[in-house]
Amino acid sequence: METIRLTTAQALVRFLANQYSERDGQEQRLIPGVWGIFGHGNVAGIGQALLQAAVNEEADLPYYLARNEQGMVHASVAYAKMRDRLATFACTASTGPGSTNMITGAALATTNRLPVLLLPSDMFATRAADPVLQQLEDTRGGDVTVNDAFRAVSKYFDRVSRPEQLIPAALAAMRVLTDPVETGAVTLALPQDVQAEAYDWPVDFFRRRVWHVGRPVPEPAAVARAAALLRNARKPLIVAGGGTVYSGAETELRAFAEATGIPVADTHAGKGAVPWDHPYAVGGIGSTGSYAANELAKDADVVLGIGTRYSDFTTASHTVFAHPEVTFVNLNVARLDAVKHSAEPLVADARLGIQALAAALTDWEVDPAYRERTRRLIARTREIEEECFAPDRNTGDLPAQTQILGALNDALDDRAVVINAAGSMPGDLQQLWRARDPKAYHVEYAYSCMGYEVAAGVGAKMADPTREVVVLVGDGSYLMMAQEIVTMVSEGLKVIIVLVQNHGFASIGALSESLGSQRFGTKYRFRDGASGLLDGDVLPVDLAANASSLGADVLHATTVDDFRTAMEKAKAATRTTLVHVETDLYGPNPPGHGWWDVPVSEVSTLDTTRTAYETYAAHKQTQRHYL
């Protein structure tokens, strides 16, 4: 057997550079590069290997410098999302806090079921220098390190304590990354001494490998059972989730809706699978869903879930599907999701599953009266949306956030990507954003991680440089993590950042108020000397100046018209440009059509809390298990 002597890190770099994914005959690099921040633990291991590979052209694996370890994971996840989970990045970090900074990103990746390869540096496998700088000493066992914290948030975890262990570990890592059911964060913890240790590697370990991502075929009997339930439905409803988009099933879904007349609601991950102006697109569903989708959900007797994980926002905490005998048919590549809500499972690829259902229902469609009801509800929903965009929408001196969203939607073409993750904007976007392209709506709402947006803008732009990428971020999320603006600038990426500043946590403030907690602790204010609370004057924070200091060009807007003008300038720019606009902290937001279960204190001395509990208790009466 032919061998070559390399360090473990050098071997890993060569291996990763030769991994490919394939689906439907289209091949692409599985790991096109490595994000990293060097420190002790990886600078002389992975760092040296990446340098040597670049200088000697031993492997094509470019290195990208991030400014925050969590941020580089977010960038990798956003890239994977844009590439339908067929490509992602590896992320290397130094020992200790550098590595544990990636844990939040790992949780986000696994929750969203998006692949990312994490390479946290670990302590000495030999324990020759225990305890080294940043080492956790655990009295329960000498083999415990801080990297064990990755186990709970990784779909696959391994610690490579000997060079030869890399061979099975690396192959297992690729298996999980390319499995649409099991994918998520994959973690290979690399002790710093092992990274630099040499070994005689089989040359075949570095051969070009293509990981084929298949499309699981639906079982005919399962198709027949699902079709039988749909045939008997009088008021069916489709809920399209992220699996619809990752499968590339948009064309099939639209045709199926047109042929059968079944209206299509969508989750955050599924928005755009059916264009917003399609005659059977009824908008987002659930806690922040549209009027049409939630009205149809109330009466739906059969719900066809396609590629959805049924989060509590999708089901409005188990209240939106109110028909007493509602039945679910779940088409999903993952059996975990296919059987949720006591459903009739159809375990298959979304595209193939829709095709099979369409073939089984060629002679069936909903009653014409149901089509007409769908049309009327959509028309009323459009009226509600236009009211939110209206010029007189704001009640104060500042524009309403909904007006800014309306102007932003007008400014962008169908292929532009809007990115958001947390705060009040996901709720507004689910009702108001008019996506016509499955990649145009990039809202991370499984982990809803503040700080995702700016870093995700980097990954999304790298995944498809031909698209305009717009990071939509509030001041709360911007303050969590804006460092990757520097990365945008250093990599020459043109990204538009729309910074909506309202001097507080608008979403949680409104939630707090609705739950009787009076927006306590949700505003950016000086501490008041008399009350001792954070309800003094507004803080003199200049986030636009911060963005400028990080290298972005900055434009200011004070009105909706100003914002429209600024967006035209930003689109014409060739560099990362931030558009700063202040909006009213108090909304108004779109009207609510759903509920979200956030428990309220059962006993309280505050009148506001007692009143909120009465409302909460009434909603709890409508909550149910779907059995």
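Residues numbered from 1 in each chain as written. Predicted model: local features only at pLDDT ≥ 70, side-chain atom pairs only at ≥ 80, totals over all residues. Heavy atoms only, no water.

To be explicit about the condition: UniProt positions are given in the numbering used here, feature names are shortened, and annotations may be inferred rather than shown by experiment.
The protein chain goes by Putative Thiamine pyrophosphate protein central region in an unreviewed UniProt entry, where it is assigned to Streptomyces viridochromogenes Tue57. In its Sequence similarities (unreviewed entry) section, the UniProt entry covering the protein chain states "Belongs to the TPP enzyme family."

**Some remarks on the overall build of the protein chain**
What counts is decided by this rule: Only DSSP runs of H or I covering at least 4 residues are called helices, and only runs of E covering at least 2 are called strands; the numbering of each starts at the N terminus. Each radius of gyration reported is based on C-alpha atoms, and the globular scaling rule is 2.2 Å times the count of residues to the power 0.38. Residue burial is assigned from relative accessible area. The probe radius is 1.4 Å, only protein chains are included, and a residue is buried under 20% of its type maximum, exposed over 50%, and partly exposed in between. Should any heavy atoms of two residues lie within 4.5 Å, those residues are counted as being in contact. In this charge count, Lys and Arg are treated as positive and Asp and Glu as negative; neither His nor the chain ends contribute. We put the charge of a Lys on NZ, of an Arg on CZ, of an Asp on CG and of a Glu on CD.
From N to C terminus, the protein chain includes 24 helices and 23 strands. Since a compact globule built from 627 residues should have a radius of gyration of about 25 Å, the 25 Å found for the protein chain is in line with a globular shape. Dimensions along the principal axes, computed over C-alpha positions, put the protein chain at roughly 70 × 70 × 55 Å. Within the protein chain, the proportion of its 627 residues that are buried is 59%. Put simply, of all contacts in the protein chain between residues at least 6 apart along the chain, 76% involve residues at least 24 apart. In the protein chain, which carries 56 positive and 74 negative side-chain charges, the distance between the mean positions of the two groups comes to 4 Å.

**A short note on helix 23 (residues 560-572)**
The condition that has to hold: Any helix carries an expected span of 1.5 Å times its number of residues minus one. This arc is built from the directions going out from the helix axis to the C-beta atoms.
Between its first and last C-alpha atoms helix 23 spans 19 Å; for 13 residues at 1.5 Å apiece the expected length is 18 Å, and the two agree. Val-560, Phe-563, Ala-566, Met-567 and Ala-570 are the residues of helix 23 that are buried. Relative to the axis of helix 23, the buried residues are bounded by an arc of 110° and lie together on one face. Exposed and oriented more than 90 degrees from the buried face of helix 23 are Asp-561, Lys-569 and Ala-572. Elements that come into contact with the buried residues of helix 23 comprise helix 16 (401-411), strand 21 (496-501), strand 22 (553-557) and strand 23 (577-582).

**Here's the deal with the pairing of strand 21**
To be explicit about the condition: For two strands to count as paired, DSSP must find a minimum of two bridges between them.
Of all 6 residues that make up strand 21, 6 are buried, and the element is covered over most of its length. Across the two faces of strand 21 the burial is the same, with Ile-496, Val-498 and Val-500 and Ile-497, Leu-499 and Gln-501 all buried. One ladder, built from 5 bridges, connects strand 20 (residues 469-474) with strand 21; its direction is parallel. Residue Leu-472 lies in a different strand from strand 21, and its bridge partner there is Val-498. Examined bridge by bridge, strand 21 and strand 23 share 6 bridges and lie parallel to one another. By the bridge assignment for strand 23, Leu-499 is matched with His-580.

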